[in-house]
Amino acid sequence: MSYRVLVAAIAVALLATGCGNRSAGQGRSDVQGKVFTSTSVTEQGKPRAMVEGTRVELRFTDDGRLLANAGCNQMQGPVTLDGGKLQVSDLGMTAMGCPNPDLHTQDQWLSKLLSAGPAWKLDGGTLVITGSGAEIVLTAEAPAKLEGGTWKLESLIQADAVSSVPGRVPATLKFENGKVSVFTGCNDGSASYKVDGQTITFESLVHTDKACGADETSVEKAVLAALSGQVTYKIDRSSLTLTNAKGEGVQLKS
């Protein structure tokens with residue numbers, strides 16, 4: 001075999017090896033901050049019947065934990081993803097009473113599977129977990145976007161305390177093309193805004209000034225405080241949190 005042919009053969013072999021081990025180099029950063037929900041669950045090669053209305057959900061947090069749910073209790077623990085294995089060092093689970101005994105059985109099944117160090121691989125937005133004779137195929141949830149939809153007020157933030165919305169006042173925000181449209185639950189308004197990293201700077205906030213009831217006034221004060229100057233924002237799945245420098249803010253759902 002000539003030198004050139006030998007070099008070409010080695011290059012092809014190395015390329016093939018690299019392609020074959022594509023998933024081996026994947027790790028925490030590939031799934032970090034993402035939520036995956038099951039599209040199919042099989043056991044011993046056959047579909048596993050899930051309790052109606054439930055699915056497996058796996059969430060990989062930014063601080064290296066796995067949050068898992070199969071329809072009732074919440075499971076969580078520190079996770080590593082080295083060598084194509086999902087290893088949860090101490091998977092704890094809440095002890096909530098499930099309304100259906102089958103939900104408890106389903107929880108135990110998922111806990112056992114995850115605790116056994118199953119194999120995992122990621123192909124685009126599809127995550128496959130394999131182990132204990134079972135396979136779960138999950139798809140990554142698309143994160144919510146700041147712009148485009150309407151955000152509905154869910155709760156109020158005061159320092160470290162989060163409280164419900166008084167009187168369920170229906171305040172909303174809609175971000176679009178550098179302008180936020182505001183309904184405080186009583187008055188309408190708008191402001192311009194600029195996004196820089198995890199902060200939003202609001203400017204030129206104007207709103208109507210109708211007289212409002214006690215609950216509406218309380219909500220309006222909180223909403224306007226959350227749109228004052230530079231605030232920190234965070235989007236977590238379908239939830240948006242706005243917090244100003246004083247620790248005041250609001251949580252909204254898309």
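Residues numbered from 1 in each chain as written. Predicted model: local features only at pLDDT ≥ 70, side-chain atom pairs only at ≥ 80, totals over all residues. Heavy atoms only, no water.

## As for the overall build of the protein
Part 1: Helix and strand counts for the protein stand at 4 helices and 19 strands.
Part 2: A total of 254 residues make up the protein; the buried ones form 37% of that total.
Part 3: A separation of at least 24 residues holds for 52% of the contacts in the protein among residues at least 6 apart in sequence.
Part 4: For the protein, the accessible area works out to roughly 14300 Å², and carbon and sulfur atoms hold 51% of it. (Helix = DSSP H or I, 4+ residues; strand = E, 2+ residues; numbered from the N terminus. Buried < 20%, exposed > 50% of the residue type's maximum accessible area, 1.4 Å probe, protein only. Contact = heavy atoms within 4.5 Å. Areas by Shrake-Rupley, 256 points an atom, 1.4 Å probe, with all protein chains shown as cover.)

## Side note on unusual backbone geometry
Peptide bonds are, in most cases, trans, and in most cases residues other than glycine have a negative phi.
Part 1: Although it is not a glycine, Gln44 adopts a positive phi angle of roughly 55°.
Part 2: Take Gln44: it is sitting in the loop between β1 (35-43) and β2 (46-47).
Part 3: One non-glycine residue, Arg237, lies in positive phi territory at about 60°.
Part 4: Note that Arg237 resides in the loop between β17 (230-236) and β18 (239-243).

## Focus on the pattern of salt bridges
Part 1: On inspection of all chains with the given rule, the structure shows 5 salt bridges.
Part 2: For Arg59, the salt bridge identified is with Asp236, shortest N-O distance 2.5 Å. Here the residue Arg59 occupies a position in strand β3 (residues 57-60), and Asp236 occupies one in strand β17, the gap between them amounting to 177 residues.
Part 3: Residue class for Asp236 comes out partly exposed when judged on its relative accessible area of 28%.
Part 4: A salt bridge links Arg237 to Glu141, with the nearest nitrogen and oxygen atoms 2.8 Å apart. In this pair, Arg237 sits in the loop between β17 and β18 while Glu141 sits in the loop between β10 (134-140) and β11 (150-158), placing the two residues 96 residues apart along the sequence.
Part 5: Its relative accessible area of 28% is what places Glu141 among the partly exposed residues.
Part 6: What you see here is one network of salt bridges that share partners, running through Glu57, Glu141 and Arg237. (Salt bridge = Lys/Arg side-chain N within 4 Å of Asp/Glu carboxyl O.)

## A short note on the state of the cysteines
Part 1: Applying the stated criterion to the full structure yields 2 disulfides.
Part 2: Disulfide pairing is shown between Cys72 and Cys98; the S-S distance is 2.1 Å. Negative torsions about the S-S bond denote left-handed disulfides, and the value of about -105° found for Cys72 with Cys98 makes this one left-handed. In this pair, Cys72 is assigned in the loop between β4 (65-69) and β5 (74-80) and Cys98 in the loop between β7 (92-93) and α3 (101-115), connecting sequence segments 26 residues apart.
Part 3: Here the protein pairs its bonded cysteines, counted in sequence order, in the arrangement 1-2, 3-4. (Disulfide = S-S within 2.5 Å.)

## Regarding the environment of Gly64
Part 1: Relative to the elements of secondary structure, Gly64 occurs in the loop between β3 and β4.
Part 2: Spatially, the C-alpha atoms of Gly64 and Thr80 are 7.5 Å apart, while their sequence positions differ by 16 residues.

## So, the side chain of Thr61
Part 1: With respect to the helices, strands and loops of the structure, Thr61 is situated in the loop between β3 and β4.
Part 2: Overall, the relative accessible area of 11% leaves Thr61 in the buried class.
Part 3: A distance of 2.4 Å separates a polar atom in the side chain of Thr61 from a polar atom in the side chain of Asp63.
Part 4: Leave out the neighbours within four places in its chain, and Thr61 touches Gln32, Gly33 and Leu67. (Polar contact = N/O pair within 3.5 Å; in protein donor to acceptor, adjacent residues only side chain to side chain.)

## Thoughts on the environment of Gly167
Part 1: The residue Gly167 is located in the loop between β12 (161-164) and β13 (172-176) in this model.
Part 2: Each C-alpha atom, one on Gly167 and one on Ser218, is 10.0 Å from the other, the two residues being 51 residues apart in sequence.

## Section: the packing of aromatic side chains
Two descriptors summarise a pair of aromatic rings, namely the distance from one centre to the other and the angle between the planes of the rings.
Part 1: Counted by the stated rule, this structure contains 4 aromatic pairs.
Part 2: Taking 6.0 Å as the distance between ring centres and 85° as the angle between the ring planes, the aromatic pair formed by Phe36 and Phe60 counts as edge-to-face. Here Phe36, found in strand β1, pairs with Phe60, found in strand β3; they are 24 residues apart in sequence, far enough to count as distant. Neither Phe36 nor Phe60 differs from the other in exposure class; each is buried. (Phe/Tyr/Trp six-rings, centres within 6.5 Å; stacked < 30°, edge-to-face > 60°.)

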